[in-house]
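# Topology and contacts: notes
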Amino acid sequence: MKKETTALVLNFISFGSLFLLFKTLIGAIIPLSYIPLIAFSALLTSVFSPKFLLNKGKLFMKIPLRKKPIQL
């Protein structure tokens, strides 16, 4: 698999898994209707999910609340 494809798949997997986790936890704690629950979960997930990026053929992971990305 190409490095670009790997970064894209890892971004989708990390976003999807964190979205389901946040949706489940928020839905269990706070009783919200469906649309605000999904919007709030998507907002939190977009802020706290790790980002995978490619720079000069090397794969990096940007973790929230850290300045420098980690090389994988």
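Residues numbered from 1 in each chain as written. Predicted model: local features only at pLDDT ≥ 70, side-chain atom pairs only at ≥ 80, totals over all residues. Heavy atoms only, no water.

## A few points about the environment of M1
With respect to the secondary-structure elements, M1 resides in the segment before α1 (3-29). By relative accessible area, which is 78% here, M1 ends up exposed. Spatially, the C-alpha atom of M1 lies 15 Å from that of F52, the residues being 51 residues apart in sequence. The contact partners of M1, leaving out residues within four places of it in the chain, are T6 and V9. (Helix = DSSP H or I, 4+ residues; strand = E, 2+ residues; numbered from the N terminus. Buried < 20%, exposed > 50% of the residue type's maximum accessible area, 1.4 Å probe, protein only. Contact = heavy atoms within 4.5 Å.)

## Quick look at a nonpolar patch on the surface
A contiguous nonpolar surface patch, about 470 Å² in accessible area, is contributed by L21, L25, I29, I30 and L32. Turning to its location among the elements, L21 is positioned in helix α1. Among the residues examined, L21 registers a relative accessible area of 44% and is labelled partly exposed. (Patch = residues over 30% accessible without salt bridge, like charges linked within 9 Å, V, L, I, M, F, W, Y side chains within 5 Å. Areas by Shrake-Rupley, 256 points an atom, 1.4 Å probe, with all protein chains shown as cover. Salt bridge = Lys/Arg side-chain N within 4 Å of Asp/Glu carboxyl O.)

## Quick notes on the sheet that holds strand β3 (residues 70-71)
The strand order across the open sheet built from three strands is β1-β2-β3, with neighbouring strands paired in antiparallel fashion. Among the strands making up the open sheet, the edge pair consists of β1 (51-55) and β3. As paired elements, β1 and strand β2 (residues 58-62) share five bridges and run antiparallel to each other. When the bridges of β2 are listed, L53 appears paired with F60. The strands touched by α1 are β1 and β2; relative to β1, the strand with the most contacts, the crossing angle is about 170 degrees. (Pairing = 2+ DSSP bridges. Axes fitted to C-alpha atoms, helices over the stretch in contact; angles between N-to-C directions.)

## What to know about α1
Spanning 27 residues, α1 covers 39 Å between terminal C-alpha atoms, matching the ideal 39 Å at 1.5 Å per step. Those residues of α1 that are buried are in contact with α2 (34-48), β1 and β2. (Expected span 1.5 Å × (residues − 1).)

## So, the packing of aromatic side chains
Under the defined criterion, the tally for this structure stands at one aromatic pair. Here the aromatic rings of F15 and F19 are separated by 6.4 Å at their centres, their planes lie at 10 degrees, and the arrangement is stacked. With F15 and F19 both in helix α1 and four residues apart, this pair spans about one turn of that helix. Residue F15 is classed as partly exposed on the basis of its relative accessible area, which comes to 34%. A residue is classified by how much of its surface remains accessible, and F19, at 18% relative accessible area, is buried. (Phe/Tyr/Trp six-rings, centres within 6.5 Å; stacked < 30°, edge-to-face > 60°.)

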